[in-house]
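# Notes for the structure review
Below are the chains, spelled out letter by letter.
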Amino acid sequence: MMTVQHQNTQKTAPVGRDLRVSFEFFPPKTEKMEETMWRSIHRLAPLAPSFVSVTYGAGGSTRDRTHASVTRIQRETGIPAAAHLTCVGHTRDEIERIAHTYWNEGIRSIVALRGDLPDAGDTYVPTPGGYDYAVDLVAGLKKIEDFDISVSAYPETHPDAPNADFEIDYLKRKFDAGADRAITQFFFDNDVFLRFRDKCDKAGITAPIVPGILPVTNFGALLKFAGMCGANVPQRLHHSFDGLDEDPDTRRMVAFHESISQVQGLMAEGVTDFHFYTLNRAELTYAICHALGIRATPVAAIA
């Protein structure tokens, strides 16, 4: 079997306080979902993440709920909160008003994205009077205020990208426009990420490329997410989760094993930053962080 060679490796993997983690949530649609999200936020906040982010619905459909969640997180926990902001569905004037509102409320971080279309399968067309693509949004936000900006990256190539080289070139353009880091779409084959990181390095990209980690809480939902974003689900995961639909305890143990193995494998290659897609659930993410040596500290600001 051929062994894949990677750059930027180190012999000793970082542990505990040498690691930086961030968490992603989505704005809740119901009162019950809101309770679940806030239980998760209060559970994870003592792990002192670098930041937490709140997603934006397709077509900007959750703008008000995203805004409410972001401002409350930062107000009640003191942890830097990053609001997702998209090109889809907004004019430049609207983006400027939203950005100024965030800045005036103390929000300094934005995740700048092209955004998903309201109807899956539609062909993307820029919003009239808006920013055409994420690179334009990044440049525009930097002119409005000096935000800390994260952007997306696709180790397995964005479904709309013509090829992998275009993916790298476009990511570099986003950094040249002012982005501070890239957070990847979730993936399950570490070699895919490591090859992508090597290509970014060869392209002259020096900003952080943070791997996005998705602990698997629902395998059926995972397959749906993967199909939408073009992420590959290895056969080993199909085998690992086969027959566990009605066995949540075993499913959680398998999910923990898969995620901790993935993260530890990346740590062995020198990765020190991880972004967890929590799906508004804290249990698996908290357990993974604890196993990595990240310990909770008091967060006095939490209500």
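Residues numbered from 1 in each chain as written. Predicted model: local features only at pLDDT ≥ 70, side-chain atom pairs only at ≥ 80, totals over all residues. Heavy atoms only, no water.

### Comments concerning the overall build of the protein
Condition: Helix and strand assignments follow DSSP, with helices taken as H or I runs no shorter than four residues and strands as E runs no shorter than two, numbered in order from the N terminus. Throughout, exposure labels follow a simple rule: accessible area from a 1.4 Å probe, protein chains only, divided by the maximum for the residue type, with under 20% read as buried, over 50% as exposed, and the rest as partly exposed. Should any heavy atoms of two residues lie within 4.5 Å, those residues are counted as being in contact. The protein chains shown are the only cover counted for residues, whose accessible areas, like all others here, come from Shrake-Rupley with a 1.4 Å probe.
A count of helices and strands for the protein gives ten helices and nine strands. Each of the 303 residues in the protein was classed as buried or not, and the buried ones make up 50%. The contacts of the protein with a sequence gap of at least 6 include a subset with a gap of at least 24, amounting to 80%. For the protein, the computed accessible surface area is about 14900 Å², with 50% contributed by carbon and sulfur atoms.

### Quick word on the nonpolar core
Note the threshold: Residue types Ala, Val, Leu, Ile, Met, Phe, Trp, Tyr and Cys, when buried and joined through side-chain atoms within 4.5 Å, form a set referred to as a nonpolar core.
Phe23, Leu141, Leu171, Ile209, Phe274 and Phe276 are the most contacted members of the largest nonpolar core, which totals 66 residues. It is helix α3 (residues 92–104) that provides the largest number of residues to this core, a total of five residues. Those residues in contact with Leu171, other than ones at most four positions away along the chain, are Val151, Ser152, Ala153, Ala182, Phe196, Cys200, Ile205 and Ile209. Leu113, Phe188, Leu214 and Tyr277 belong to the second largest nonpolar core, which has 23 residues in total.

### So, α3
What counts here: Residue count minus one, scaled by 1.5 Å, sets the expected span of a helix. Note: the arc covers the axis-to-C-beta directions of the helix.
For α3, spanning 13 residues, the distance from its first C-alpha to its last is 18 Å, which sits close to the expected 18 Å at 1.5 Å a residue. Taken together, the buried positions of α3 are Ile95, Ile98, Ala99, Tyr102 and Trp103. Buried residues of α3, seen end-on, are gathered within an arc of 135° and therefore sit on one face of the element. Exposed side of α3, more than 90 degrees from the buried face: Asp93, Arg97 and Asn104 are the residues found there. Trailing α3 by a residue or two, Gly106 shows a phi angle of about 90°, which is positive.

Take it as geometry only, folks, not as evidence of what the structure does.
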